[in-house]
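Observations on chain architecture
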Amino acid sequence: MTGLKDRIAAELAAVRERSLAYTDADDDVLTRQHSSLMSPLVWDLAHVGNYEELWVLREVGGIEPLRPEIDHLYDAFKYPRADRPSLPLLTPAEARKYISGVRGRVLDVLDRLDPADPDPLRAGGFVFGLVLQHEHQHDETMLATLQLSRRPGLVRDGELPPGGAPAADPEVHIPAGIFSMGTDTVAWAYDNERPAHRRHLPGFWIDRHPVTCGAYLRFVEDGGYRDPRWWLPQGWEWVERTGVDAPLFWTRDGDIWWRLRFGREEPVPPDEPVQHVSWYEADAYARWAGRRLPTEAEWEKACGGREYPWGDAGPADLAYRANLGHRAARPAPVGAYPKGASPYGVEQLVGDVWEWTDSWFQPYPGFRSFPYKEYSEVFFGETYRVLRGGSWATHPSAVRTTFRNWDLPIRRQIFAGFRCARSED
Ligand SMILES: [Fe+2]
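If you're wondering where the values come from, they're calculated on a predicted model, not measured in any experiment. (Residues numbered from 1 in each chain as written. Predicted model: local features only at pLDDT ≥ 70, side-chain atom pairs only at ≥ 80, totals over all residues. Heavy atoms only, no water.)

**Remarks on the pairing of strand S9 (residues 385-388)**
Because side chains alternate across S9, one face comprises the buried residues Arg385 and Leu387, and the other comprises Val386 and Arg388, equally buried. As paired strands, strand S8 (residues 354-360) and S9 are joined by three bridges and run antiparallel to one another. Its bridge partner being in S9, tryptophan 356 is matched across the sheet by leucine 387. The sheet contact formed by S9 and strand S10 (residues 405-407) spans three bridges and is antiparallel. Looking across to S10, one finds that leucine 387 is bridged to asparagine 405. (Buried < 20%, exposed > 50% of the residue type's maximum accessible area, 1.4 Å probe, protein only. Helix = DSSP H or I, 4+ residues; strand = E, 2+ residues; numbered from the N terminus. Pairing = 2+ DSSP bridges.)

Below, the structure written as structure tokens:
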């Protein structure tokens, strides 16, 4: 069991290093609201510490609140993001001091943890998995904020493997049958991934790779944004209201399409999975292409029933398998990860871009809210669409084949793309 505690301590150190790197900027960058969709970066920074205090120190450690007067400021349900800059938030220096004070005590609680304790917050170190994944999720949110800031020089880039030759079979057939969806066994899985349950799906076809910028550009140039035939009524209403005519951060200059990526313009790379498209755009593209979005059940079945599409192995040889954990600040070209294929041969399911699915965010049969209703339950219904698979910005410990993300169908600042599917004839 020491192995587990060492792993948790190492992962806590790594995620904090990541959060501090994304907030290693002038106070003006950290306290400004770069978009009404996002919090100021300094809010995210103090919020991850406050969440860690609530769950690890108070709930599990039984420790008195360190700064009860600030709790309400960092309660994600209390104030909308647009109002957060006008709150009396901690300054960047105060936030760093506060979260490091919390972290010191968290390590003491970890020291005393008995992972065999049957209490569900303690068993297998669940509460530490909760705060680790939460902080990585906010780190991804911070990257989205940094992208929206349009300022160069704040986010590091890196190397990625080259793309592959065009696939001989761009679609993969998944035969009809029963599969097990969700999980009972992944220790740090969230309530919404549970319980594992059997589902029958008819046979279907799914794209081997996510839809590329080059393919998406054909939809743009074919007048896809001017033709209501391809759009659901709410999607068409959104197009008309906002005037969108391309993915977020794309602009046309003559015959060349450019994209803005962390403050720098570059030509749109044809072989990369398209990102920064809304669910409505993904859905319209699919209809234009004579296809549809996969359901989340189809997406998960295409992964082949393991924790990652290539197996249950964790991050050790990940560099060859998937583009996760901000190796570079972009998706990898399609075909870059043949060793990350699922048993069916579907590639890049995990990493690169979150993939919109056709499904609403709904509970699985037998769902039980844990550890609190505001994690998942309050979002269930026909408001949010499910995204799967994580992006280049997602940390490997914060995604798996059963992981479910959700967002509004108009959202485009997240690192989201999609792949298409179709039913058997
Ligand atoms: Fe949060």
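Structure shown, so let's carry the discussion forward.
**Here we look at the side chain of glutamate 11**
Along the chain, glutamate 11 falls in helix H1 (residues 2-22). Within the structure, the side chain of glutamate 11 is placed 3.1 Å from the side chain of serine 397, a separation counted as a polar contact. The contact partners of glutamate 11, leaving out residues within four places of it in the chain, are Leu132, His395 and Ser397. (Polar contact = N/O pair within 3.5 Å; in protein donor to acceptor, adjacent residues only side chain to side chain. Contact = heavy atoms within 4.5 Å.)

**Points about the coordination of the iron ion**
For the iron ion, the full set of protein donor atoms is His47 (NE2), His134 (NE2) and His138 (NE2), and the range of their distances to it is 2.2 Å. Along the chain, the residues donating to the iron ion are arranged with the sequence spacing H-x86-H-x3-H. Of this pair, histidine 134 and histidine 138 both sit in helix H5 (residues 126-148), separated by four residues, roughly a single helical turn. Residue classification places histidine 138 among the buried positions, given a relative accessible area of 12%. (Donors = N, O, S within 2.8 Å, 3.2 Å for Na, K, Ca; no water.)

**Thoughts on helix H4 (residues 92-112)**
Look at H4: 31 Å from first C-alpha to last across 21 residues, which is about the 30 Å you get at 1.5 Å a residue. For H4, the set of buried residues is Pro92, Ala95, Tyr98, Ile99, Val102, Arg103, Val106, Val109 and Leu110. Axial view of H4: buried residues confined to an arc of 140 degrees, hence all on one face. Exposed positions of H4 whose direction lies more than 90 degrees from the buried face are Ala93, Lys97, Asp111 and Arg112. (Expected span 1.5 Å × (residues − 1). Arc of directions from axis to C-beta.)

**Things to note about the packing of helix H3 (residues 41-60) against H4**
Interaxial distance between H3 and H4 falls to 9 Å at its minimum, and their mutual angle equals 25 degrees. When the axis of H3 is compared with that of H4, the two are roughly parallel. Judged by the twist between their axes, the crossing of H3 over H4 is left-handed. Residue-level inspection shows Val42, Leu45, Ala46, Gly49, Asn50, Glu52, Glu53, Val56, Leu57 and Val60 of H3 in contact with H4, the latter providing Pro92, Ala95, Arg96, Tyr98, Ile99, Val102, Arg103, Arg105, Val106 and Val109. (Axes fitted to C-alpha atoms, helices over the stretch in contact; angles between N-to-C directions. Parallel < 35°, antiparallel > 145°, perpendicular 65-115°, else oblique. Left-handed = near helix turned anticlockwise from the far one by under 90°.)

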